[in-house]
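The primary structure of each chain is shown beneath.
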Amino acid sequence: MEVIISVSTILKTKYDKQGELWPQVHIFINGEQAPAGELLKDGDRLSIMLIIAGG
Amino acid sequence: MDRYSRQILVANIGESGQQKLLRSRVLVVGCGALGTVIANNLVRAGIGYIKIVDRDYVELDNLQRQMLFDEEDVEKRMPKALAAADKLRRINSSIEIEAEVKDVTQKNVEELIKDADIVLDATDNLETRLLINDACFKHNISWIYGAVISSCGMTMNIIPGETACFRCLVPYVPAPGSTPTCDTVGVLNAIPSLIASLQSNEAIKILLGDKHVNQELLVIDLMDNRFEKIPVRKRDDCPLCRDGKFEYLDKKGLSEPIKLCGREMVQITPQKEMEVSLEDLKKKLEKVGDTSYMGYLLKFSVDKYELIIFPDGRAFVKGVSDKETARSLYAKYIGV
């Protein structure tokens, strides 16, 4: 299975010490928010993104 | 109206649209890289009333990207809101520009936003955005999230009752240190100009009631020239959208700075108990200042300030006498 993965270039850590995703990290499949447990299919585009705060 | 002639020629604006803009009231929260560009664009576009709020003063390393400031502002340590307003009045003296040097808090946010037709976010931390989100939702005012870091930027229009809200994106304030900041990983000057221009353009469209308003999260990374539009759904468990709970406005989610008696020191305690990886934070901060990690605390010195950070996210900010500067340093270097 081939999945295209794009990770936000500034994302170094995604999990806190309890192994939970940080609240500002989002997973999108094919440009849409992925519900928990969503399975990937061949050709899917997975984006892992951090909601940023600088201004 | 002559000064706006080229804008009036744009099909969706015209004379009536320009009159509408001249009657509009906008609040810009934050006057850094995003805020200066937003304010500049809106002042030139003829928004009738613009209020700029910022707690900080101009420093030399701001000049790379904060477009309304110069070396004289640095020398005079000018508050950003006042320096910006001064420049903007010289650009357009026919509109009303107001500047307030203050920290946006749960105590003043409703007063600040209440007369605005739209709020433009140019802040530097998630906590203030969650507060703006609560206040704007409560008063049914649209606001535009914008943020930048490194080569990345993102923006989203938040229209109460229509789009997802900011808590659908960030349900609660993350642990201190988990969010990189412009002061720890840097920022290119093109990205805030781009995001701020998108924000000001969306603001104009919303004020005009244009139907082409963006409904998605727009993400840009200039390093690999990636532009993505991502639909954001309302969360089924969003305390604000679903339950109408204003937890940040009601002060349940905010960190509270406390001035320590008789000392040049302010303590900041996150409202929610959280665990911070001091080792990870040290790796980030050692690039911008002196750090020493003692296992139970992290000491970080930059300029004349010292931050002592504990594993529960609490920090002593030494060398400051006011809460606003302490909050600003915490947001800059620890990041929430």
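So, here is what we can say about the structure in this document. (Residues numbered from 1 in each chain as written. Chains lettered and ligands numbered in written order. Predicted model: local features only at pLDDT ≥ 70, side-chain atom pairs only at ≥ 80, totals over all residues.)

**Let's talk about the interface of chain B and chain A**
How we decide: With C-beta atoms placed from the backbone, a contact is any residue pair whose C-beta atoms sit within 7 Å. Helix and strand definitions follow DSSP, with helices as H or I runs of at least four residues and strands as E runs of at least two, each counted in order from the N terminus. Polar here means any residue other than Ala, Val, Leu, Ile, Met, Phe, Trp, Tyr, Cys and Pro, which are nonpolar, and Asp, Glu, Lys and Arg, which are charged; Gly is therefore polar.
Counting residues at the interface gives 42 residues for chain B, matched by 19 residues for chain A. A per-element tally of the side of chain B that touches chain A places strand β5 (residues 142-149) of chain B first, with four residues. Looking at side-chain class alone, the side of chain B that touches chain A contains 24 nonpolar, 12 polar and six charged residues.

**As for the sheet that holds β5(B)**
Residues and elements named next belong to chain B. Here is the rule we go by: Any two strands with at least two DSSP bridges between them are considered paired. Convention adopted: a line fitted to C-alpha atoms gives each axis, helices being fitted over their contacting stretch, and angles between N-to-C directions are expressed from 0 to 180 degrees.
Within the open sheet, the eight strands sit side by side as β3-β2-β1-β4-β5-β6-β7-β8. Their pairing is mixed. A single partner strand is all that each edge strand has here, and the edge strands are β3 (96-101) and β8 (226-230). Taking each pair of neighbouring strands and ignoring which way they run, the sheet shows an average axis angle of 15°. Bridging between strand β1 (residues 25-29) and strand β4 (residues 118-121) involves four bridges; their strand directions are parallel. Directly across from Val29, in β4, lies its bridge partner Asp121. On the sheet, helix α5 (residues 80-91) packs against β2 (49-54) and β3 and is oriented at approximately 165° with respect to β3.

**A closer look at the pairing of strand β12 (residues 298-302) of chain B**
Each regular strand displays side chains that alternate between the two surfaces of the sheet. Residue and element names in this part refer to chain B. Inspection of the sheet shows strand β11 (residues 290-293) paired to β12 by four bridges, in the antiparallel sense. Paired with Thr291 across the bridge in β12 is Phe300. When β12 meets strand β13 (residues 305-309), the two strands line up antiparallel, connected through five bridges. Following the sheet pairing, Lys299 is matched in β13 by Ile308.

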